Amino acid sequence: METKDVIVKLRNQNNMTQEELAEKVFVTRQAVSRWETGETTPNIEALKQLSALFNVSINTLLGSEKKLICQCCGMELDDSIMSREKDGSINQDYCQWCYTDGKFTYSNIEDLITFCEEHLSSENWSKESVREYMTSLLPTLKHWKE
């Protein structure tokens, strides 16, 4: 879905006119109209305001096909499980279980691997397989590289 379609959909879902949306994100009604026709795309500040207003990620607003993954545990992210900062804004890098209110749940990689080993193993995926997978994946993620 393109940005223009996403904005129209979210505006309509929230029963807003172009004028009402414009007031909430501090732009003109004409700017909203140009976004919705695809003539222009919101700038980064407008995207941040739209993200907060509609409670969706900027990735969603941009209609990105790219899937985001938690940069701590590797879980695929969607808007419903993205973490939040202390001010309530969405953090698109982490899931709500790894990072919330500005704090990380896991301070060392071994604790996370052990947790995943216990909770992801099944008759189709042994604890050893989970451990092997997580041991190779986690060091490639942003949180563990820092």
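Just so it is clear, the model here is predicted, and its values are computed rather than measured. (Residues numbered from 1 in each chain as written. Predicted model: local features only at pLDDT ≥ 70, side-chain atom pairs only at ≥ 80, totals over all residues. Heavy atoms only, no water.)

1. Comments concerning the overall build of the protein
Step number 1: The secondary structure content of the protein amounts to eight helices and six strands.
Step number 2: Ordered by position from the N terminus, the helices and strands of the protein form the series α-α-α-α-α-β-β-β-β-β-β-α-α-α.
Step number 3: Since a compact globule built from 146 residues should have a radius of gyration of about 15 Å, the 19 Å found for the protein marks it as more spread out than a globular shape.
Step number 4: Once the C-alpha set of the protein is aligned to its principal axes, its extents read approximately 55 × 30 × 25 Å.
Step number 5: The buried share of the protein, reckoned over its 146 residues, is 37%. (Helix = DSSP H or I, 4+ residues; strand = E, 2+ residues; numbered from the N terminus. Rg over C-alpha atoms; globule rule 2.2 N^0.38 Å. Buried < 20%, exposed > 50% of the residue type's maximum accessible area, 1.4 Å probe, protein only.)

2. Notes on the nonpolar core
Step number 1: Among the nonpolar cores identified, the biggest contains 22 residues, and Cys 70, Cys 72, Leu 77, Cys 98, Leu 112, Leu 138 and Trp 144 are the most heavily contacted of them.
Step number 2: Counting only elements with at least two residues in this core, the list comes to β4 (90-95), α6 (109-120) and α7 (127-137). (Core = buried A, V, L, I, M, F, W, Y, C linked by side-chain atoms within 4.5 Å.)

3. Things to note about the layout of surface pockets
Take a probe with the size of a water molecule and roll it over the atoms, and the empty space left behind shows itself.
Step number 1: Approximately 190 Å³ is the volume found for the second largest pocket.
Step number 2: Lining the second largest pocket are 13 residues, with Cys 73, Met 75, Leu 112, Phe 115 and Cys 116 sitting closest to its centre.
Step number 3: Looking at the lining of the second largest pocket, its residues break down into eleven nonpolar, two polar and no charged. (1 Å grid on protein atoms, 1.4 Å probe; cavity = no way out; pocket = protein on both sides within 12 Å on 5 of 7 lines; lining within 4 Å. Points joined across faces, edges and corners; volume = space filled by probe spheres on them. Nonpolar A, V, L, I, M, F, W, Y, C, P; charged D, E, K, R; others polar.)

4. Focus: the pairing of β4
Side-chain direction in a regular strand flips from residue to residue, so the side chains alternate between the two faces of the sheet.
Step number 1: Of the pairings in the sheet, the one linking strand β3 (residues 82-84) to β4 comprises three bridges and is antiparallel in character. Looking across to β4, one finds that Met 82 is bridged to Cys 95. (Pairing = 2+ DSSP bridges.)

5. Considering helix α1 (residues 3-13)
Step number 1: Among all positions of α1, only Thr 3, Val 6, Ile 7, Leu 10 and Arg 11 are buried. All buried residues of α1 fall inside an arc of 125 degrees around its axis, so they share one side.
Step number 2: If you follow the buried residues of α1, they end up packed against α2 (18-25), α3 (29-37), α4 (44-54) and α5 (58-61).
Step number 3: Two residues or fewer past α1, Asn 15 is found with a positive phi of approximately 50 degrees. (Arc of directions from axis to C-beta. Contact = heavy atoms within 4.5 Å.)

6. A word on the environment of Glu 76
Step number 1: Take Glu 76: it is sitting in strand β2 (residues 76-77).
Step number 2: Along the sequence, Glu 76 and Tyr 94 sit 18 residues apart, while their C-alpha atoms lie 9.5 Å from each other.
Step number 3: With residues near it in sequence (within four places) discarded, Glu 76 still touches Lys 67, Leu 68, Ile 69 and Ile 81.

7. Describing the confidence of the model for the protein
Step number 1: For the protein, mean pLDDT is 91; residues scoring 70 or higher make up 98% of the total.
Step number 2: By mean pLDDT, α5 is the weakest element of the protein at 86, and α2 is the strongest at 96. (pLDDT = per-residue confidence, 0-100.)

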